[in-house]
Amino acid sequence: MGKHKKVALWAIVIAASLQSNAQPVLSGQALLLRTADSLRQEGDYTEARVVYEEVLSLSSPSSSPYLYAAAATWLSELSIYDMAYPQAMSEATLACETFHRFLKPDTSAVYSTTLMNLGICEGRRGNYNAQLHYYQEGQRVAVATGGLYSSFAADAYCNVAVAYGRRGLWETCRSFADTALIIAKRAGLPRTEAIAHMHLSQAFAETGDLEQAVIQLEEAIGLLEDEALMAQCYNNLGSFYIDLDEPTVALMYLGKALEIRKRLAGGLDYYVFRTTLNIIRAQMDAEQSEEAVASLDQLISDLEAIVGEGSAALQIAYNYRAKQCLQSGDFACARKAIEKAAAVGAAPIDVNASTQMVRAEIALEGNDLDEALAAIQVAFRFLVEGYEPADDYANPAWPNLESVPYGITLWGLKGRALRTAYRQSGALAYGQLSLLALQQADSLIQDNRLDMQGQSAREAFAVEARDIYEELVKTLYALYQGTGEQRYAALALRYMEKSRSLSILENLNELYARSFHDIPDNVVEEERNLRAEIRFYEAQADLADAEEVREEVLSQLNRLIRQHKAVLNRIAEDYPRYYKARLSIEEAGLKDLQQKVLYEGEAMVSYFATADTLLAVALTRGQIAMRAIPANDWGLQAKALAEALRSRSPKVYELSHRLYHQVFAPLEPLLAGHEKVIIIPDGALFQVPFDQLVYDLAGGRPAFLLERFSFRQLLSGSAALQQQAAQSKHNGHILALAPEFDGTEKQLPPLPGAQAELDSLSGWYKGIFLRRAAAREAEWYRRSSQAAALHLATHTEINPRSPSVSKLVLNAGGGEDGALHAYELYAWPLVADLAFLSGCNTGVGEVQAGEGNISLSHAFAYAGCSNIIMTLWPLGDVAAPHLVAAFYRNINRGLDKAEALREAKMEVIREEPLLAHPYYWSGFVYQGNREPITISGKRPTWPLLGLFAAAAAILASIGLYARFRKAG
């Protein structure tokens, strides 16, 4: 007799023998319930169901309510395992009603499971508010009945964490997962502890902290015995290491995941397929192209052997093969693979759209423009229900697209194809059609820029958006070249500004600062949470497979959209600074830039780096022009020059002269008559100060642009306009801080020049000068909001991967740790008209596609101080005090901030010939407006002599070139 029959017969015998005596009936039913529980816990779900149903048939809600409710609860659990959600809902509802009618539900731990099961079923029905409600109630009951440190409570906190994570509320998710972890550790539940680590890992990854995500998964692996979960951890670790640009480590973990998954599946299944694709990605990143080809060949062979027509997995694999061939330049192979992909005919629209997208890429690379345009239209038909274009030049309405990323990519390809047609034929209509297609993508970007959930999605979206703006600017340059019409150059500048504004202002989002000084935290959170809920319900509406579910989801979605619009209107009215900086993209018009950003006699050069060229727009108050930089190695040259400057290489002058001819000389005719120049850099140009560019090497000495132009930098013209509107003129005192480092504390070297800087300032101004131990972070918070000028002479520690945790190093004490982080600055109000950050590397941030130069200076700008002098490399303690003193003396003479810095640099070159190398002076870069600044308490000029004495003492005691600041 089989095990199932033995269990069922045994249950019937027990029940029959006990029916004659009421008292033993309960103990017999309880025995049956314990038997069913044991079977369930052992994984024998079929046998467990038989016994639970027997308990249910022998019980009644009135005579044995607990046994009845418990059996119904665990039956609903088993139905969920079988994905029989309507049945699970019925069983869980029966249990819930029994608890409420005949028991005190808050006294039973099983009731928490009942609520969790109801939450799962409500989620399947599309009622996600009810789902979250049941999860939260289940968590409350679990704690009330079993105590905080129970398995029920640990599971409940994990479930609530998942619910918040699905909504994109990752900080809340992390909070519940953290609690689940504490409970599981205390209760001795290693499996639940591991699951909590896995939830934490996902939350960290989605908020950009991949290093912490890796740590959490490593902790989980050490606790797990469940091989399926272990394989999931290994697979996720591999994905994270791919994103961390460590493909070799990724391959190690992915290999472990694949070995486990193959063993568990006995062959190829969904999980094996996904891990194999990750392995191929890692192999390509590790430049193991032969191994990647072999892996994909094997995968395709395995799929062909076990699946037939209509397999999404096989079509995806063929798409991969086509992309692989395209990247290697084998067009015949690519065409053959994509034809196979199209022939599979899988059901998912995104898979089919992807096939047509790859087909378009192949055709475009082969210059078959008609084929590319036709493939793009087929892809749009998959993505837009009912779309029937009149010809290959038509565009669907962008709000109707099923997939934002696919739409952006397809319009990018279409714009590129039509621009190519314009260049080849000279027919203006093609150029205008290219522009129209790319403007559709721009509309899609603007509508969805705040809606990307998770760090990886946001980074991918930023790259896609940057690609579109590259295509737009290149199309407009082609139209400008072809027609000579300035309106195309103006429109190109508009999109360059939009690209920068999008990326710069997006840095002020939840990835970095969690609080902002000019709006209450609860209002920020309300808007973010509503946005996350909208994203969540939009995704669920796309996934809904039943009409009634879709209707419920859409009802909730429309309610949330109305709420969100009301909140946005309130924020726009009550907190306009935050609204403009965080929630809206306000583009600066051409006239605004010419009249409000440019000063008299000033020109602006805005650079825009694309994959294959460097474009520049030159703007004056009277004209606008556009140029393409012909040299394709300008980026490498800029990086080489930056490195030579940092190392004081003798090759600096030659490299500087070469870069001058590449990126600036072609624009000089457009700048005739203008000695003041705004530079808006891009890409590697962020690492190079323009005033050190050598325009002439003849005559035995290098001639720097510093001698001919007064430069200032801006992040973007639009951002400058916003900062002008937000910042008010403030005349007041200076706050200066210079902590002392003895070479041992925090392993940071001494900065003797920092104290000399404060000595000179205290001789000039009545202000607050915090030296050595007094330069505490707590004092910064106490005093900085009232200062008209800020001077920080200290080390900085730049984190290029996570710019928000870059910091200025001050002293601890007063409840502060001594680290003034960028993310803390976003939340701190400043009224200062100048911040002089003379620490090492204050202006250096990670230059990412779609993000520009992210650094501490940007955080100061949002805090309210947008006029900043920053440094691009470790600076010499010898020259810095001299230059700082000269700068402030020029400020007292009434020079504007940009000109004051320029004159200070020329003074250092003129009066200290041994400091003429641009390493010593060009690392100081000014970003901001040209207004003069008034600092109160100005004194007579004679105290400057004290500064020169201090500088001379440093020169004598330290040695002219020997000492320089180390990077923090």
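Everything numeric here is computed off the predicted structure, so don't read it as measured data.

Engineer: How should the overall build of the protein chain be read in this particular structure?
Structural biologist: For the protein chain, the helix and strand inventory stands at 38 helices and 18 strands. Counting the 968 residues in the protein chain, one finds 57% classified as buried. Taking contacts inside the protein chain between residues at least 6 apart in sequence as the whole, the part at least 24 apart equals 70%.

Engineer: Would you explain the sheet that holds strand S11 (residues 796–797) in this entry?
Structural biologist: Two strands in a sheet stick together by hydrogen bonds in their backbones, pointing the same way (parallel) or opposite ways (antiparallel). Spatially, three strands are ordered S11-S12-S13 in an open sheet, and the strand pairing comes out antiparallel. Whereas interior strands pair on both sides, the edge strands pair on one side only; in this sheet they are S11 and strand S13 (819–821). By the bridge criterion, three bridges tie strand S12 (residues 807–809) to S13 in an arrangement that is antiparallel. Bridge assignment links Lys807 to a residue of S13, and that residue is His821.

Engineer: What am I meant to see in the packing of helix H18 (residues 349–365) against helix H20 (residues 404–425) here?
Structural biologist: Axes are the key here: two packed helices are described by the angle between their axes and the distance separating the axes. Between H18 and H20, the least distance of the axes is 11 Å, while the angle of their chain directions is 20°. It follows from the interaxial angle that H18 and H20 lie roughly parallel. In this structure, H18 meets H20 at a crossing whose hand is left-handed. Together, Asp350, Ser354, Met357, Ala360, Glu361, Leu364 and Glu365 of H18 and Tyr406, Thr409, Leu410, Leu413, Arg416 and Ala417 of H20 make up the contact between the two elements.

Engineer: Just checking my understanding: could you explain the environment of Leu39 for this structure?
Structural biologist: With respect to the helices and strands, the residue Leu39 is situated in helix H2 (residues 22–41). We classify Leu39 as buried; its relative accessible area is 7%. In the structure, Leu39 is positioned ten residues away from Arg49 in sequence and 9.0 Å away in space, judged by C-alpha atoms.

Engineer: Could you clarify how one ought to interpret helix H16 (residues 312–327) in this entry?
Structural biologist: The periodicity of an α-helix, 3.6 residues per turn, causes residues three or four positions apart to be oriented the same way. The end-to-end C-alpha separation of H16 is 23 Å, in line with the 22 Å expected for 16 residues at 1.5 Å each. Of all the residues in H16, the buried ones are Leu314, Gln315, Ala317, Tyr318, Asn319, Arg321, Ala322, Gln324, Cys325 and Leu326. Downstream of H16 by a residue or two, Gly329 has a phi angle that is positive, lying close to 85°.

Engineer: Looking at this structure, I do not really get the pairing of strand S8 (residues 734–738). What am I missing?
Structural biologist: Within a regular strand, side chains alternate between the sheet's two faces. Of all five residues making up S8, five are buried, and the element is well covered by its neighbours. Side chains Ile734, Ala736 and Ala738 project from S8 onto one buried face, and the interleaved Leu735 and Leu737 project onto a second face that is buried too. Relative to strand S10 (residues 789–792), S8 runs parallel, the two sharing four bridges. The residue bridging Leu735 from the neighbouring strand is Leu790, located in S10.

Engineer: Teacher, can you tell me more about the environment of Val553 here?
Structural biologist: With respect to the helices and strands, Val553 occurs in helix H25 (residues 547–574). A relative accessible area of 0% means that Val553 is categorised as buried. The spatial distance from the C-alpha of Val553 to the C-alpha of Tyr128 is 8.1 Å, given a sequence separation of 425 residues.

Engineer: Even after reading the chapter, I still don't get the state of the cysteines, so can you show me in this structure?
Structural biologist: The tally for this structure, following the rule as stated, stands at one disulfide. Residue pairing for Cys325: its cysteine sulfur links by disulfide to Cys333, the two sulfurs lying 1.9 Å apart. Residue Cys333 is classed as partly exposed on the basis of its relative accessible area, which comes to 23%.

Engineer: Which parts of the structure should I look at to understand helix H29 (residues 652–663)?
Structural biologist: A rise of 1.5 Å per residue sets the reference length of H29, with its twelve residues, at 16 Å; its end C-alpha atoms lie 16 Å apart and thus fit the reference within 8%. Among the residues making up H29, those that are buried are Val652, Leu655, Ser656, His657, Leu659, Tyr660, Gln662 and Val663. Contacts from the buried residues of H29 go to strand S1 (602–609), strand S2 (614–619), strand S3 (624–629), helix H28 (634–647), strand S5 (694–696) and helix H37 (918–921).

Engineer: How should I be thinking about empty space enclosed by the protein in this particular structure?
Structural biologist: One water molecule sets the probe size; rolling that probe over the atoms shows where empty space is left. In the structure shown here, the tally under the stated rule is three cavities of 30 Å³ or more. Computed from the structure, the largest cavity encloses a volume of approximately 180 Å³. Put simply, the parts of the chain that give the lining of the largest cavity at least two residues each are strand S7 (710–713), helix H36 (897–911) and strand S18 (924–927). Shared between two domains, the lining of the largest cavity takes at least three residues from each, and those domains are domain 3 (590–718) and domain 4 (731–937).

Engineer: What exactly am I supposed to notice about a negative patch on the surface here?
Structural biologist: Where like charges cluster on the molecular surface, the negative patch consists of Asp368, Asp370, Asp391 and Asp392. Tracing the chain through its elements places Asp368 in the loop between H18 and helix H19 (369–383). What makes Asp368 partly exposed here is its relative accessible area of 40%.

Engineer: In this structure, what is going on with the side chain of Gln594? I would like to understand it.
Structural biologist: One can find Gln594 in helix H27 (residues 590–597). If near-sequence neighbours (up to four positions away) are discounted, Gln594 is found in contact with Leu619, Thr620, Arg621, Gly622 and Gln623.

Engineer: What is the right way to read the environment of Asn117 from this model?
Structural biologist: Examined against the element boundaries, Asn117 turns out to sit in helix H6 (residues 109–124). Along the chain, Asn117 and Thr73 lie 44 residues apart, while their C-alpha atoms are 7.9 Å from each other. Setting aside residues up to four positions removed in sequence, Asn117 forms contacts with Thr73, Ser76, Glu77, Ile80 and Ala92.

Engineer: I keep staring at the packing of helix H10 (residues 190–206) against helix H12 (residues 227–243) and nothing clicks. Help me out?
Structural biologist: Interaxial distance between H10 and H12 falls to 12 Å at its minimum, and their mutual angle equals 20°. When the axis of H10 is compared with that of H12, the two are roughly parallel. Taken as a pair, H10 and H12 cross one another with a handedness that is left-handed. For the pair formed by H10 and H12, the contact residues are Arg191, Ile195, Met198, Ser201 and Ala205 on the first element and Leu229, Gln232, Cys233 and Phe240 on the second. A class-by-class count of the residues in the contact of H10 with H12 yields six nonpolar, two polar and one charged.

Engineer: Just to check I follow, could you spell out unusual backbone geometry for this structure?
Structural biologist: Positive phi values are uncommon outside glycine, yet Glu287 reaches one of about 60°. Of note, Glu287 is situated in the loop between helix H14 (270–285) and helix H15 (289–306). The phi angle at Arg648 is positive, at roughly 55°, despite the residue not being glycine. Within the secondary structure, Arg648 is located in the loop between H28 and H29.

Engineer: How do you make sense of the side chain of Asp442 when you look at a structure like this?
Structural biologist: Within the secondary structure layout, Asp442 lies in helix H21 (residues 428–448). Relative accessible area serves as the criterion here: at 5%, Asp442 is assigned to the buried category. The residues touching Asp442, leaving out its near neighbours within four places in the chain, are Ile468, Tyr469, Leu472, Tyr495 and Lys498.

Engineer: Sorry if this is basic, but what is going on with the packing of aromatic side chains here?
Structural biologist: Each aromatic ring pair is described using two quantities: the centre-to-centre distance and the angle formed by the ring planes. Scanning the entire structure with this criterion turns up 28 aromatic pairs. Geometry around Phe608 places Arg466 over its ring, the cationic atom sitting 4.2 Å from the centre. Arg648 extends its terminal NZ or CZ atom over the ring of Tyr919, reaching a point 4.9 Å from the ring centre.

Engineer: I'm lost on the pattern of salt bridges in this one. Help?
Structural biologist: A pair can form between side chains of opposite charge whenever their charged atoms are brought close. All chains considered together, the criterion is met by 38 salt bridges. The salt bridge involving Arg419 is made with Glu471; its shortest N-O contact spans 2.7 Å. Taken as a pair, Arg419 in helix H20 and Glu471 in helix H22 (residues 455–483) lie far apart in primary sequence, 52 residues in all. Look at Arg419 and you get buried, because its relative accessible area is 6%. The class of Glu471 is buried, set by a relative accessible area of 13%.

Engineer: I keep staring at the nonpolar core and nothing clicks. Help me out?
Structural biologist: Nonpolar side chains in soluble globular proteins generally cluster together in the buried interior. Ranked by size, the top nonpolar core spans 194 residues in total, and within it Tyr607, Phe664, Trp780 and Phe860 carry the most contacts. Ranked by the residues each element gives to this core, the list is headed by H22, at eleven residues. Core analysis: the second largest hydrophobic core is formed by 56 residues, Ala153, Leu224, Leu251 and Tyr253 among them.

Engineer: Just checking my understanding: could you explain the pairing of S1 for this structure?
Structural biologist: Of all the eight residues making up S1, eight are buried; the element is thus mostly covered by neighbouring parts of the structure. Burial along S1 is two-sided: the face carrying Glu602, Met604, Ser606 and Phe608 and the face carrying Ala603, Val605, Tyr607 and Ala609 are both buried. In terms of strand pairing, S1 meets strand S4 (residues 676–680) through five bridges, oriented parallel. Paired with Glu602 across the bridge in S4 is Lys676.

Rules of the game
- Starting from 1, residues in each chain are numbered consecutively following that chain's sequence as written.
- Local features in this predicted model are restricted to residues whose pLDDT is 70 or higher, and side-chain atom pairs enter the listing and the counts only when it is 80 or higher, whereas totals over whole chains, interfaces and linings include all residues.
- To obtain the side-chain values, all non-hydrogen atoms of the structure were included, while hydrogens and water were left out.
- Going along the chain from the N terminus, every DSSP run of H or I of four or more residues is numbered as a helix, and every run of E of two or more is numbered as a strand.
- Burial classification: accessible surface area is computed with a 1.4 Å probe over protein chains only, and a residue below 20% of its type maximum counts as buried, one above 50% as exposed, and the rest as partly exposed.
- The contact criterion used throughout is that any non-hydrogen atoms of two residues lie within 4.5 Å.
- Here the rule is simple: two strands pair whenever DSSP picks up at least two bridges between them.
- Note on method: axes are straight lines fitted to C-alpha atoms, helices fitted across the in-contact stretch only, with angles between N-to-C directions ranging 0 to 180 degrees.
- Working definition: roughly parallel below 35 degrees, roughly antiparallel above 145 degrees, roughly perpendicular at 65 to 115 degrees, and oblique for all remaining angles.
- Crossing handedness follows the turn of the near helix against the far one: under a right angle anticlockwise gives a left-handed crossing, and clockwise gives a right-handed one.
- To estimate the expected span of a helix, count its residues, drop one, and scale the result by 1.5 Å.
- Disulfides are defined in this document as cysteine sulfur pairs within 2.5 Å.
- Whether a set of points on the 1 Å grid over the protein atoms alone is a cavity depends on a 1.4 Å probe fitting there but being unable to get out, while an open set qualifies as a pocket with protein on both sides within 12 Å along at least five of seven lines; lining residues are those with an atom within 4 Å of a point.
- Grid points are joined across faces, edges and corners, and a volume is the space filled by probe spheres set on the points.
- Where each domain starts and ends follows an automatic or database-derived domain assignment.
- Like-charged residues are merged into a patch within 9 Å and nonpolar side chains (Val, Leu, Ile, Met, Phe, Trp, Tyr) within 5 Å, provided each residue has over 30% relative accessible area and no salt bridge.
- Surface accessibility in these figures is a Shrake-Rupley result with a 1.4 Å probe; residues are shielded only by whichever protein chains are displayed.
- Salt bridge, as used here, is a side-chain nitrogen of Lys or Arg placed within 4 Å of a carboxyl oxygen of Asp or Glu.
- Here the positive residues are Lys and Arg and the negative ones are Asp and Glu; neither His nor the chain ends is included.
- Note on charges: their place is set at NZ of Lys, CZ of Arg, CG of Asp or CD of Glu.
- Note on residue classes: Ala, Val, Leu, Ile, Met, Phe, Trp, Tyr, Cys and Pro are nonpolar, Asp, Glu, Lys and Arg are charged, and everything else, Gly too, is polar.
- Two rings from Phe, Tyr or Trp (for Trp, the six-membered ring) form a pair when their centres are within 6.5 Å of each other. A pair whose planes differ by under 30 degrees is stacked, one over 60 is edge-to-face, and the rest are tilted.
- Any Lys NZ or Arg CZ found within 6 Å of a ring centre and within 35 degrees of that ring's normal is scored as a charge over the ring.
- Definition used in this section: a nonpolar core is a set of buried Ala, Val, Leu, Ile, Met, Phe, Trp, Tyr and Cys residues joined via side-chain atoms within 4.5 Å.

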